[in-house]
Amino acid sequence: MKKIIPSYIRVPLIFAFVFAALEFFIDSGDRPAFIKFPMVSLFLIVFLFLLIAIEIVVNAVDKVTYHLLTDNQKKQLEDAQSIPFTESKFYQGIMSKLTRSKSVEQEADVMLDHDYDGIRELDNVLPPWWVNLFYATIIFAFVYLVRFHVMGDYTQAQEFDKEVELATIEIAKNATTAPDDMSIDKVTLLTDAESIAKGKEIYTNTCIACHKIDGGGSVGPNLTDEFWINGGGIKNVFKVISEGSPNNPSMVAWKNTLKPTDIQKISSYVLSLQGSKPAGGKEAEGEKWVEDAAPNVNTAVTAKDSTKIAEVPPK
């Protein structure tokens with residue numbers, strides 16, 4: 001039987017529509033749904049198999065039905081299939097409902113008396129879709145007028161502020177999951193109150209068992225004096241907190257637990273404790289650190305100890 005859309009076009013279109021619908025309605029995060037959820041892939045494979053099977057069955061039924069027709073019926077079928085789609089009754093019926101236009105044979109019914117040098121004017125009605133759309137715009141305008149100008153609903157400025165608020169929330173949400181590219185090469189000392197406060201909060205939750213709440217040290221060394229086992233300065237402290245100490249199992253690596261930016265904040269807080277001299281602090285350990293002689297990890301190692309970060313146990 002004649003089909004408007006061939007099967008080799010119809011099957012991919014239907015499959016693509018179902019595939020797009022699944023991707024739209026299934027929340028799969030940053031990966032396609034058919035990759036993240038194996039059952040989706042299985043469903044798509046089975047669905048495609050069924051589509052092809054249905055097409056094969058329908059085509060077989062059409063062939064069997066055609067061979068059961070008489071010669072006269074076959075000729076009628078061929079004549080019907082030879083008519084272009086735009087001339088079919090189905091198409092003509094749809095266009096008649098959409099436009100309500102008159103055929104050439106019916107033009108006399110809508111002919112006006114106007115005559116311009118032999119050119120006659122027809123009084124065709126407007127297409128129903130155009131008229132209905134016009135009425136819809138009138139209704140929309142009336143509802144809009146009552147809602148926003150009579151009832152005093154939200155203004156455009158309020159709508160803008162609401163969208164900005166939602167965007168700010170979304171930005172903050174994305175910031176918590178965004179890649180953190182802070183590293184020992186980029187780390188710098190933070191001195192603002194907000195960062196120091198955050199560093200103190202993290203320190204309180206992770207470090208006081210070994211270094212005490214005031215940094216005076218217990219299992220771990222004193223963090224408030226000028227002596228450092230592993231070298232002072234923001235880069236050395238960041239490295240020790242991030243990677244831990246191979247010579248001191250008590251000082252574990254925190255890079256798998258804390259974000260690099262959080263390690264930067266806790267490192268800055270630790271350095272802010274310098275000179276606080278808490279009561280009962282441990283005796284100094286390591287060597288006195290002079291910031292002016294701080295090693296530069298971005299410089300190639302050409303001198304014995306001038307640019308190399310110490311690999312000894314952390315402070």
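As the structure is a prediction and not an experimental result, all values here were calculated from the model.

Let's shift gears to the packing of aromatic side chains. Using the criterion set out here, one finds 9 aromatic pairs in the structure. Residues Phe24 and Phe25 carry aromatic rings whose centres are separated by 5.0 Å and whose planes lie at 90 degrees to one another, so their mutual orientation is edge-to-face. Judged by its relative accessible area of 68%, Phe25 falls in the exposed class. With centroids separated by 5.8 Å and ring planes inclined at 10 degrees, the aromatic side chains of Trp130 and Phe134 adopt a geometry described as stacked. Highlighted residues: Trp130 and Phe134, both in helix 6 (residues 128-150), separated by 4 residues, approximately one helical turn. By the ring-pair criterion, three or more aromatic residues cluster together here, those being Phe140, Tyr144, Phe148 and Tyr154.

On to helix 6. Taking 1.5 Å of rise per residue, 23 residues should cover 33 Å, and helix 6 covers 32 Å from first to last C-alpha, within 8% of that figure. Phi turns positive, to about 70 degrees, at Gly152, one or two residues after helix 6.

The subject of this paragraph is the pattern of salt bridges. This model, assessed by the stated rule, comprises 5 salt bridges. Residue Asp153 pairs with Arg147 through a salt bridge whose shortest N-O separation is 2.7 Å. Where Lys288 meets Glu226, a salt bridge forms, and the shortest distance between an N and an O atom there is 3.4 Å. Separated by 62 residues along the polypeptide, Lys288 in strand 4 (residues 287-288) and Glu226 in the loop between helix 9 (208-211) and strand 3 (227-228) bring together distant segments of the chain.

The next thing to look at is the nonpolar core. Core analysis: the biggest nonpolar cluster contains 22 residues, and Tyr203, Trp228, Ile241 and Ile266 have the highest contact counts within it. Secondary structure elements with two or more residues in this core: helix 8 (193-206), helix 10 (233-243) and helix 11 (260-272).

Below, the discussion takes up the side chain of Lys74. Locating Lys74 in the fold gives a position in helix 4 (residues 71-81). Ignoring anything within four residues of it in the chain, the contact list for Lys74 reads Tyr66, His67 and Leu69.

Here we come to the confidence of the model for the protein chain. Parts of the prediction with low pLDDT should not have their coordinates interpreted in detail. On average, the protein chain scores 83 in pLDDT, and the residues at 70 or more come to 89%. For the protein chain, the element scoring lowest by mean pLDDT is strand 1 (residues 111-116), at 79; helix 6 scores highest, at 93. Note that residues 296-315 has pLDDT below 50 and, in this model, 50 contacts with residues that lie over four places away or in other chains.

This part covers the pairing of strand 2 (residues 119-122). Successive residues of a regular strand alternate their side chains across the two faces of the sheet. Sheet topology note: the strand 1/strand 2 ladder contains 3 bridges and is antiparallel. Across the sheet, residue Met111 finds its bridge partner in strand 2, namely Leu122. Where strand 1 folds back on strand 2, the antiparallel hairpin that results is connected by 2 residues, among which Asp117 adopts a positive phi of roughly 50 degrees.

Thresholds, definitions, all that
Residues numbered from 1 in each chain as written. Predicted model: local features only at pLDDT ≥ 70, side-chain atom pairs only at ≥ 80, totals over all residues. Heavy atoms only, no water. Phe/Tyr/Trp six-rings, centres within 6.5 Å; stacked < 30°, edge-to-face > 60°. Buried < 20%, exposed > 50% of the residue type's maximum accessible area, 1.4 Å probe, protein only. Helix = DSSP H or I, 4+ residues; strand = E, 2+ residues; numbered from the N terminus. Expected span 1.5 Å × (residues − 1). Salt bridge = Lys/Arg side-chain N within 4 Å of Asp/Glu carboxyl O. Core = buried A, V, L, I, M, F, W, Y, C linked by side-chain atoms within 4.5 Å. Contact = heavy atoms within 4.5 Å. pLDDT = per-residue confidence, 0-100. Pairing = 2+ DSSP bridges.

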